[in-house]
Every structure is written in C-alpha cells, then in structure tokens.
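The primary structure of each chain is shown beneath.
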Amino acid sequence: MVLNYIWIAFFLVAFVVALAKLIFLGDVNVFTEIMNSTYDSARTGFEISLGLTGVLSLWLGVMKIGERGGMIDLFSRGVAPLFSKLFPDIPKGHPASGSILMNVSANMLGLDNAATPFGLKAMQELQEINPNKEQASNPMIMFLVMNASGLTLIPVTVMVYRAQLGAANPADVFIPIMIATFVATLVGVIAVCLKQKINIFNKAIMGFFIGMLAIIAGTVLAFNSMSQEKANIISGLIANIILLSVIVIFIVIAMQKKVNIFEAFIDGAKDGFKTAVTIIPYLIAILVGIGVFRASGAMDFLMDGLRSLVALTGTDTRWVDGMPTAIMKPLSGSGARGMMIDAMKTFGADSFAGRLSAVLQGATDTTFYIVAVYYGAVNIKNSRYTVSYALLADLAGVLAAIFVAYLFFGYKINDSPSK
C-alpha cells in the first residue's frame, strides 16, 4: 500500500509543481518535458527488462543445474543455523535459503548481474511457501530490506567514477562507504527483527553481525594498502573467479549425480525468460513515476527548500549538496549515479560534496526498483511494511554517510563549485 501512495504522490506533486511553474514562472515547456519523460522512462523500463532477459536466463539456468545437482540444498543446510532465526517461517532445508545466500553473497561482491537472478529465484521459492499469494510474507520482507540496505564489500563502480573525474585518491571513500552500508544493513535487519518479534540476541544472529563486521574490517585492511589500479584488478579478478567457480562446481556436482545438465540449464533459462517478461509492467510503472517527479522540477524545489531550512539553523550546509544523490538513490540507481557525477563535476571530485555524494551512492540500494522488480516477479500486490522499513535502512545509511563524510573529509574547506 505504501508504494501505491508514493506512486500517486509522484504524479500529484509533479502536476502541482508544473502548474505553479507555468502560472508563476511562465514555463511553457514544463508539461511537454514531463510527458516526454513518461515516454523516455517507459522505453527505459522496457530496455532494462530486455537486458535482464539474457542475464536472468543465464543465471536461472545455472541455478537449475545447482538445484538438480543438490548444491542449493547443501547451501540451505549450511546457513540453516542463521536463517532459521532470521527467517523462521522458511522450512528447514528449503532451497530458498540457498538462493538467498547466493543473492547476499553476490551483492556483497558488487555482482549486480548475478545478484538479481539469485534474488528473483529466492522470491519465487519464497512465494511457494507463502500462504497469501498476493501479500508479502515475513521472509520476503526481511529479504528485501536486506537487499535495500545495499551491503557491499567492494564499491568498485564508485571508485572508478571518481578516478575518471580526476580524484587524487579515488579509493579514499572506500572505508566511509563500508561503514555507512554496514550501518544501513544493521539498522534494517534489527528493525525487521523487532517488528517480526525475532530475538536479535540469539547467538546465530549476533554471530552474523560480528562476522560481517570482521569481514568488512578484513576487506578494508586488505584493500586499503593497495593502489586504486591494483584494487580494481584484484577485486574484479576475485569476483570473476568466484562466479566461474560456482558455475563449474555446479556442473561437476551435477555430473556426479547423473543430471542431464544441458536440459536442466534450458529449463532454468525458460524460467528466466518468463520472469523477465513478468517484470516489465512493474518496472515501467515505477520508472515513469520517478521520471515525472524529476522532470517537473519537484526535486530542485525540494533541495532548495532543504538548503534554506538548514541555513536558518546556522549550521554547516555543505552536506545539502550531496542530498540529490541520497534522495534519488532509493528511486533510481542511474539517476543517483547521474546526481553523484553532477556533484563531482560541479564541486570537484575531491570536494566535500563530491566525496559525500560518492559515499551516499555506495551506502544504500535502489529500494523502489528492488520492490517493484522482486514483488512484481511473483505478483505480490500488498508489500505491507517493506517500503517503510527499507526506507528506514536507507535513512540510517544516509545519516551514517553524512557522519563519516564529516569525520573523514570535513576538514576540507575548498568546496566551492569549480569554474
């Protein structure tokens, strides 16, 4: 229901803002720009879905091989001690646990192309045990909030953009991003645990949090001593070795089980194609709503108002220049990326605003995209409290990003827009 109200608000706010710009500012092009954005957004939604078709077919084919070879079941048993506490409604040994593990692992490594198919597979398996097929189940909500919090170990993409835009040390945002994204995940998971009456002091859950902290700390220490070029090479190499290893292990185990591997892959790929087609209307709907909101100028008014309010308090307003990225991130990954690049071009890659935008880009994920795609794939109509709790995790990530940006970069004073 929350997503329904937000989608309606996109259009109503956009219409009011556009009408005000026409009447008071004489902007005769605003309505044309809004309508053009609907066509562009609808086309973009279809193109994204079309692009997902091949990737979904590939990885759901691989997942089908793993499923018939018994590897997904093995993963499910391996994470049972933790997932039985975080996802108590998932039956012991159910394949959904293995798919969730694959998705979370791919997200942590920044492997978006692999994470989405694993996540959609998990949603399909969770839907099988969902007593109300039109309403999000508790495990679905926990899973999507974990996704929306955007826990990532290696934010390679952000560092690459900083390098391209002339940052002296593109990797200097690495540790702040790690801290911010961990805070977002921690807050999101704890909030859902409290809502679903899950004991967060259970040994398995506490061990998970401590283990994640240890992994993040180890990754930070390892990559902090490397040059940007070496870090990019090593992280890419590790990620691709892991992906290919997964495929090869699935194939070898399936061979031992006498599985018809090619047939299994084709069956899974067919499911991938069907899933991609199912996603199209949901993705177009959310992207059109976001496009209308942006084209109307509502985002610009929002930022100007926020800056004025902060200025009235007499506090530092530099963080406001990074807020377009923060506000856009839950709505659109590409939109947030554009906001980050714009901030770095306007203020400089090594300015406070440029660095803060980079940290915000890596701190959370595209909440509305995730909700639209994942729930759309299994025809969930009622998302319950998914969006509100995912946005809570996003808010925690944003606040943490601002805090660590001031902690690491707040002493920099040369933050005026570049000429």
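Scoring rules and cut-offs
- Residues numbered from 1 in each chain as written.
- Predicted model: local features only at pLDDT ≥ 70, side-chain atom pairs only at ≥ 80, totals over all residues.
- Heavy atoms only, no water.
- Salt bridge = Lys/Arg side-chain N within 4 Å of Asp/Glu carboxyl O.
- Helix = DSSP H or I, 4+ residues; strand = E, 2+ residues; numbered from the N terminus.
- Buried < 20%, exposed > 50% of the residue type's maximum accessible area, 1.4 Å probe, protein only.
- Core = buried A, V, L, I, M, F, W, Y, C linked by side-chain atoms within 4.5 Å.
- Contact = heavy atoms within 4.5 Å.
- Axes fitted to C-alpha atoms, helices over the stretch in contact; angles between N-to-C directions.
- Left-handed = near helix turned anticlockwise from the far one by under 90°.

All chains considered together, the criterion is met by 13 salt bridges. Residue lysine 121 pairs with glutamate 67 through a salt bridge whose shortest N-O separation is 3.4 Å. Separated by 54 residues along the polypeptide, lysine 121 in helix α6 (residues 112-128) and glutamate 67 in helix α2 (residues 30-69) bring together distant segments of the chain. Looking at lysine 121, the relative accessible area reads 9%, which means it is buried. According to the relative accessible area criterion, glutamate 67 is partly exposed, its value standing at 34%. With a closest N to O distance of 3.1 Å, arginine 162 and aspartate 350 form a salt bridge. Of the two residues, arginine 162 is situated in helix α8 (residues 156-164) and aspartate 350 in the loop between α15 (333-347) and α16 (352-363); the sequence distance between them amounts to 188 residues. Assessed through its relative accessible area of 27%, aspartate 350 is described here as partly exposed. Through salt bridges with shared partners, one network takes in Lys64, Glu67, Lys121 and Asp271.

A few words now on the nonpolar core. Counting residues in hydrophobic clusters, the biggest one holds 68 residues, and the most contacted among them are Phe87, Ile100, Met123, Met142, Phe143 and Tyr375. Apart from residues lying up to four places away in sequence, isoleucine 100 is in contact with Phe83, Phe87, Ile90, Ala122, Leu126 and Phe143. Counting 28 residues, the second largest nonpolar core, distinct from the first, contains Val158, Val320, Ala326 and Ala358.

This part covers the packing of α16 against helix α18 (residues 386-409). In contact at an axis separation of 9 Å, α16 and α18 are set at 140° when each is read in the N-to-C sense. Between α16 and α18 lies a crossing of right-handed hand. For the pair α16 and α18, contact is made by Phe352, Arg355, Leu356, Val359, Leu360 and Ala363 and by Gly397, Val398, Ala401, Ile402, Val404, Ala405, Tyr406 and Phe409, respectively.

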